[in-house]
Amino acid sequence: MPLDLLASAAKDVSDNAQRIFASLLRDSDSIAGHIAERIRLWQLASAEELKAEFPFALYEQQLSNWQTRNQSPPVSSAELAAAVAEYVALCRVAKLPDNQSFWQRELAAVTASPTVNKKRKADRVIHPEISTRQK
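Let me sum up the structure you'll find in this document. (Residues numbered from 1 in each chain as written. Predicted model: local features only at pLDDT ≥ 70, side-chain atom pairs only at ≥ 80, totals over all residues. Heavy atoms only, no water.)

1. Re the packing of helix α4 (residues 57-69) against helix α5 (residues 77-93)
Step number 1: Close contact between α4 and α5 brings their axes to 11 Å; oriented N to C, the two are set at 155 degrees. Considering their axes alone, α4 and α5 lie roughly antiparallel with respect to each other. The element α4 and its partner α5 pack so that their crossing is left-handed. In this structure, α4 contributes Tyr59, Gln62, Trp66 and Arg69 to the contact, and α5 contributes Glu79, Leu80, Ala83, Glu86, Ala89, Leu90 and Val93.
Step number 2: Its residues placed into classes, the contact of α4 with α5 shows seven nonpolar, one polar and three charged. (Axes fitted to C-alpha atoms, helices over the stretch in contact; angles between N-to-C directions. Helix = DSSP H or I, 4+ residues; strand = E, 2+ residues; numbered from the N terminus. Parallel < 35°, antiparallel > 145°, perpendicular 65-115°, else oblique. Left-handed = near helix turned anticlockwise from the far one by under 90°. Contact = heavy atoms within 4.5 Å. Nonpolar A, V, L, I, M, F, W, Y, C, P; charged D, E, K, R; others polar.)

So, in structure tokens, the structure goes:
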């Protein structure tokens, strides 16, 4: 269970306890406090257990950070390079192919100078004379 879902689960447990035991909790602040503390401790212990057993927690956080960062462009070349490096690291931990050469080419294309990009675009355009000769 991802850590953000854990907070949601804790809230659901608290809401259910409030609903099921409403009169008991309303009549005793100490019982209500005890239940709230037990839910909080369960949430903390569960989060620690998940972090210890879930090897992708760091990468999940990196993805979350990237999704937030990506909402407000422009993204710098250094940030793109870091994202590619994080992705490659995730793939290696997950024992999946990382296709690093592809991502490095894509990164180089995105971060190339405007002059280089203009030349690449021009190289892709087929000159009209060449195209009519081939027909």
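2. Side note on the layout of surface pockets
Step number 1: In this structure, the largest pocket spans a volume of roughly 400 Å³.
Step number 2: Tallying contributions element by element places α5 first for the lining of the largest pocket, with six residues.
Step number 3: In the lining of the largest pocket, the residues fall into 12 nonpolar, one polar and three charged. (1 Å grid on protein atoms, 1.4 Å probe; cavity = no way out; pocket = protein on both sides within 12 Å on 5 of 7 lines; lining within 4 Å. Points joined across faces, edges and corners; volume = space filled by probe spheres on them.)

3. Quick look at the environment of Glu79
Step number 1: Along the polypeptide, Glu79 turns up in helix α5.
Step number 2: Taking the C-alpha atoms as reference points, Glu79 and Trp66, 13 residues apart in sequence, are found 9.0 Å from one another.
Step number 3: Here Arg69 takes part through its side chain, which lies 2.7 Å from a polar atom of the side chain of Glu79. (Polar contact = N/O pair within 3.5 Å; in protein donor to acceptor, adjacent residues only side chain to side chain.)

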